[in-house]
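Listed below are the residues making up each chain.
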Amino acid sequence: MATDFEQRYIKARKSVVEADFMHLNEMQRKAVMTTQGPLLLLAGAGSGKTTVLINRILNILRYGSASDTTQLPPNASEEDIETMCGNNTVAARLAAAYEPCPPWNILAITFTNKAAAELKSRLEANLGAVANDIWAQTFHSACVRILRRNAERIGFSTSFTIYDSQDSQSVIKRIIKALNIDEKNYPPRMILSVISKEKDKLHLADHYLEIAKQSGDMRQTVIANCYKAYEKQLRDADAMDFDDLILNAVRLLQENDDIRSYYQKKFKYVLVDEYQDTNHLQYLLVSLLSGGYENICVVGDDDQSIYKFRGATIENILSFENEYKNARVIKLEQNYRSTAHILAAANAVIKNNTERKGKSLWTEDEEGELPHLHLAYNQDEEAQYVAEKILEGYAEGMRWDDHAVLYRLNSQSNAMEYAFKRRGIPYKVYGGMRFFDRAEIKDMLAYLNVISNPQDDLRLLRIINTPTRGIGNTSIEKLAQIANEEGTSIYDVINRCEEYPQLKTPSAHLRLFIDMINNLIEKSGTMPVDELYDEVVIRTGYLKSLEAKDTQENVTKAENVKELKSNILNYISESTDTTLFGFLDEISLYTDLDNLDKDADCVSMMTIHSSKGLEFPVVFLVGAEEGLFPSARSLGSHEDMEEERRLCYVAISRAKERLYISSAMQRMLMGKTTNNRISRFAEEIPDEHLKKDYIPKGRSFSDTSFDAEPRRQQPQSKFAPVITSKTAAATLPDFKTGDSIMHKSFGEGEITKMTPMGGDFLVEISFNCVGTKRLMLKAAARLMEKL
DNA sequence: CGCACCACAATTTTT
DNA sequence: TTGTGGTGCG
């Protein structure tokens, strides 16, 4: 039973902390001040989740457990209470702090580099250099950091190599060939996915092989043998794939009491972002790392769990309260992103799911515009509709990058791109080939990897004959065979190639190659990474071979090779660890999704999946059709359907001001034309929150099955017909450079420049009041007249 | 060894 | 419809 003094002390202390977080709403503040023990934070879309995470960390750093404990300092006095209630805020804060936490005892885990970088930079903005001591990292980079110290305990060197998914795939393909397995029945992708699932269950290859044998299932046994070979090859190469990073970190912690207790003592506070995306292994990792103090805060939104297919289990979030009996739960439901109508639409859709914690977003924001539903005849008309709306928005003064087009399948971008190109709308498609996936970049990184770890057969094989240096397939097969028989690496065999009579023919070429590699290895000991890279580019003859043929493709490749240099320089300037190891670590966990945002003013096009976490003033959700979204594969399964619905919820909740949903009655997919009904998700939005934009004559929304019409017959649309280059020229409004004009929104101005662009003109108008604006002529003309 | 041609498959994706 | 990967020829 707390004494009166204790109660007053605790209350006074709490209000000191509280005063620091008055800029937050009540629930956010509650989350920030709940620092002790397990906490499940259900944070809806746009509810200020990252802000809460940051402020929670600030609270922990400044005040320790002050806002959430009944413990008093041993020397607590009446004077302290006076100080805390007094006007001297500095003194009050000092008195309130109770075991403030050093930054290096805090671990904040995210999924993506981007999220980690955002966390870091916002913490740095608040704290300065101190922020660098907080472990704000991705799951994978945190594991690498732990493994780099301790990998020897589980049979790897501390300088192990990291394989990306492409590397894993190459390894599996080689194994399929070596084991003489039929690739048709056992696609590499499938095998890798089984291996990944087994790793998620903490099953190593031997364990799985046993399970497979006992089940008597031939297929499983075949896959298990692949797993076994895969595991061996990676171990021989001193390599870990992405799953291994987590798996091995978990095993390391489970099997070594000293290491586990070191980290459990170290991490007094653990925070996990996007908890709904975690898999079983990640759950284990988090519970191991936080196992000391159990001050674990997980943040997530069960309604935004959309990665089941890659192992995420919503179970982690749903059963958090069972795992931690004393867990507290706080919901953040106030939304600061979208207008009321858009939120209502999102809520209306998601409430049809049964497997959820139950949350309902609300806003103090105004109603805003009604979301629109447009029914198009086919994907081209749909694209045209989207383009029109974007041009309207642009003419109103919005930027291109205020707009985003979201779709279920990457292949849907084609029709959009075509329409955008034709109208000169600048756009960027996300999710295509990435910089670090390009062959030339992979080649250069393979060289660096071999220099850093010559035992890495996979990377060595990648570059042994790239550029061609007279080491053909036959020689490579022989090398691999010898290495396999002797249980050594290919690098070792080449080093002693003169000893083998069967390598007599290529031995001169092999010697030249291995001397070059050895020379580079030697240099890597003393040379800074950037200079070493220059050496690699020259000495390997890679750049020379690109310059030998003057094609556009090769010019681009050469540019990319040079671009990688600027990445290295950038790394050196930002990092303390400027060794080759350090750089390779960073790069192997890096995707260039991170620098998307700072790109030029462009409309964004991406899948709904990749839009998670982003927001745009105007969102187009295209392809809202049964069979496409929800996808045909989800139709049979309740569980999958709910995941699709969550996906829809994610899409809708990206929109801040305007939401356009569209549906094509006829769509070409994979070369076949299909007729689809409007997506059930669109139907789930009640009429008071959805403006049905366009209903073709004689057809209702509920009956959209209709006889396919030839697409040349244009529907009686209120929108412009498909614009071919000819009609475009004919219908161009009559404006020219030098014209004085009056614009509805921007007032008077003069046209200073006109640039033809995809059947339209980009006009530059110098307005008297609002400065110079660049508009697309056709869209702007409606709001303009000549003076 | 490099290129051309044909067969074939084809959610969603971070690290 | 599109992209990729494997095969066969010059």
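Located above this text is the structure these notes cover.
Residues numbered from 1 in each chain as written. Chains lettered and ligands numbered in written order. Predicted model: local features only at pLDDT ≥ 70, side-chain atom pairs only at ≥ 80, totals over all residues. Heavy atoms only, no water.

Trainee: Teacher, can you tell me more about the environment of S663 here?
Mentor: Relative to the helices and strands, S663 is located in strand 14 (residues 655–669). Overall, the relative accessible area of 1% leaves S663 in the buried class. C-alpha separation for the pair S663 and R677, spaced 14 residues apart in sequence, amounts to 8.4 Å. Only 2.9 Å separates the side chain of S663 from the backbone oxygen of A624, close enough to count as a polar contact. (Helix = DSSP H or I, 4+ residues; strand = E, 2+ residues; numbered from the N terminus. Buried < 20%, exposed > 50% of the residue type's maximum accessible area, 1.4 Å probe, protein only. Polar contact = N/O pair within 3.5 Å; in protein donor to acceptor, adjacent residues only side chain to side chain.)

Trainee: Please clarify how the nonpolar core should be interpreted in this entry.
Mentor: Soluble, globular proteins show a tendency: their nonpolar side chains are buried together. L448, I494, F513 and F583 are the most contacted members of the largest nonpolar core, which has 49 residues in total. For this core, the element with the highest residue contribution is helix 20 (residues 439–452), accounting for eight residues. Within the second largest apolar cluster, 44 residues are counted, among which are A151, I162, I246 and V270. (Core = buried A, V, L, I, M, F, W, Y, C linked by side-chain atoms within 4.5 Å.)

Trainee: Teacher, can you tell me more about the protein's contact with DNA strand B here?
Mentor: In the neighbourhood of DNA strand B, 28 residues make up the surrounding shell, with N113, R408, R434, T591 and T607 lying closest. In DNA strand B, the atoms that sit within 4 Å of the protein are 52% sugar and phosphate, with bases accounting for the remainder. One of the side-chain N or O atoms of R310 is found 3.3 Å from a sugar or linking oxygen in DNA strand B. At a separation of 3.4 Å, a phosphate oxygen of DNA strand B approaches a polar side-chain atom of N410. The residue makeup of the surface near DNA strand B, split by class, is eight nonpolar, 14 polar and six charged. (Near = heavy atom within 4 Å. Nonpolar A, V, L, I, M, F, W, Y, C, P; charged D, E, K, R; others polar.)

Trainee: Got a minute to help me understand helix 18 (residues 379–395) in this structure?
Mentor: Three- or four-residue spacings in an α-helix give side chains the same orientation, since the helix completes a turn every 3.6 residues. Over its 17 residues, helix 18 runs 24 Å from end to end, which matches the ideal 24 Å to within 8%, given 1.5 Å per residue. Buried residues dominate helix 18, accounting for 15 of its 17 residues. Its side-chain oxygen placed 3.0 Å from the backbone nitrogen of D380, N378 serves as the N-cap of helix 18. Looking one or two places after helix 18, you find G397, whose phi comes out positive at around 105°. (Expected span 1.5 Å × (residues − 1).)

Trainee: Sorry if this is basic, but what is going on with the packing of aromatic side chains here?
Mentor: Where two aromatic rings form a pair, the distance of their centres and the angle of their planes describe that pair. Counted by the stated rule, this structure contains 18 aromatic pairs. Where Y275 meets F320, the ring centres are 6.1 Å apart and the plane angle is 85°; that geometry is what we call edge-to-face. Of this pair, Y275 sits in the loop between strand 6 (269–272) and helix 14 (280–289) while F320 sits in helix 16 (residues 320–323), and the two are 45 residues apart along the sequence. Just as Y275 is buried, F320 falls in that class too. A centroid spacing of 5.1 Å and a plane angle of 90° characterise the contact between F435 and F436, whose relative ring orientation is edge-to-face. F435 sits in the buried class, given a relative accessible area of 12%. Grouped by ring-pair contacts, the aromatic residues W135, Y262, Y263 and F267 constitute a single cluster. (Phe/Tyr/Trp six-rings, centres within 6.5 Å; stacked < 30°, edge-to-face > 60°.)

Trainee: Explain the protein's contact with DNA strand C here, please?
Mentor: Within the structure, DNA strand C sits among N414, M670 and G671. The sugar-phosphate backbone supplies 22% of the atoms of DNA strand C found within 4 Å of the protein.

Trainee: Looking at this model, I keep getting lost on the sheet that holds strand 2 (residues 106–110). Mind explaining?
Mentor: Sheet strands pair via backbone hydrogen bonds, and the direction of the pair is either parallel or antiparallel. Taken together, the six strands give an open sheet; going across it, the order is 3-2-6-7-1-8, and neighbouring strands pair in parallel fashion. Of all strands in the sheet, those bounded by a partner on one side alone are strand 3 (135–138) and strand 8 (328–332). Strand-to-strand twist across the sheet, computed as the mean angle between neighbouring axes with direction ignored, equals 15°. (Pairing = 2+ DSSP bridges. Axes fitted to C-alpha atoms, helices over the stretch in contact; angles between N-to-C directions.)

Trainee: Even after reading the chapter, I still don't get the environment of S524, so can you show me in this structure?
Mentor: Relative to the helices and strands, S524 is located in helix 24 (residues 507–524). Judged by relative accessible area, which is 22%, S524 ranks as partly exposed. In sequence terms S524 and L448 are 76 residues apart; their C-alpha atoms lie 9.4 Å from each other. Each residue touching S524, except ones within four places of it in the same chain, is listed here: I451, L532 and L580. Here the side chain of S524 touches I521 through a polar contact of 2.6 Å, landing on its backbone oxygen. (Contact = heavy atoms within 4.5 Å.)

Trainee: Could you clarify how one ought to interpret the pattern of salt bridges in this entry?
Mentor: In a structure, side chains of opposite charge can pair up when their charged atoms sit close to one another. Under the counting rule described, the total for this entry stands at 55 salt bridges. Notably, a salt bridge pairs D20 with R93, separated by 3.0 Å at the nearest N-O pair. Highlighted residues: D20 in the loop between helix 1 (4–19) and helix 2 (26–33) and R93 in helix 5 (residues 89–96), separated in sequence by 73 residues. For D20, a relative accessible area of 14% translates into the label buried. In this structure, E274 engages K49 in a salt bridge whose closest nitrogen and oxygen atoms are separated by 3.3 Å. Placement of E274 in the loop between strand 6 and helix 14 and of K49 in helix 3 (residues 49–63) is noted, with a sequence separation of 225 residues between them. Via salt bridges that share partners, K49, D273, E274, D277 and K612 belong to a single interconnected network. (Salt bridge = Lys/Arg side-chain N within 4 Å of Asp/Glu carboxyl O.)

Trainee: Is there a simple way to think about helix 25 (residues 529–539) in this case?
Mentor: Buried residues of helix 25: V529, D530, L532, Y533, V536 and V537, and no others. End-on, the buried residues of helix 25 take up no more than an arc of 160°, which puts them together on one face. Residues of helix 25 that are buried make contact with helix 20, helix 24, helix 26 (542–548), helix 27 (552–574) and helix 28 (580–588). Downstream of helix 25 by a residue or two, G541 has a phi angle that is positive, lying close to 75°. (Arc of directions from axis to C-beta.)

Trainee: Would you mind going over unusual backbone geometry with me for this structure?
Mentor: Negative phi is the rule for most residues except glycine; trans is the rule for most peptide bonds. Along the chain, T466 connects to P467 via a cis peptide bond; the corresponding omega equals 0°. Position of P467 among the secondary structure elements: in the loop between helix 21 (457–463) and helix 22 (473–486). Look at the link from F629 to P630: it is a cis peptide, with omega at 5°. Note on placement: P630 falls in the loop between strand 13 (616–621) and helix 30 (638–652). One non-glycine residue, E99, lies in positive phi territory at about 50°. Residue E99 is classed as exposed on the basis of its relative accessible area, which comes to 57%.

All we've got here are geometric facts, nothing functional implied.
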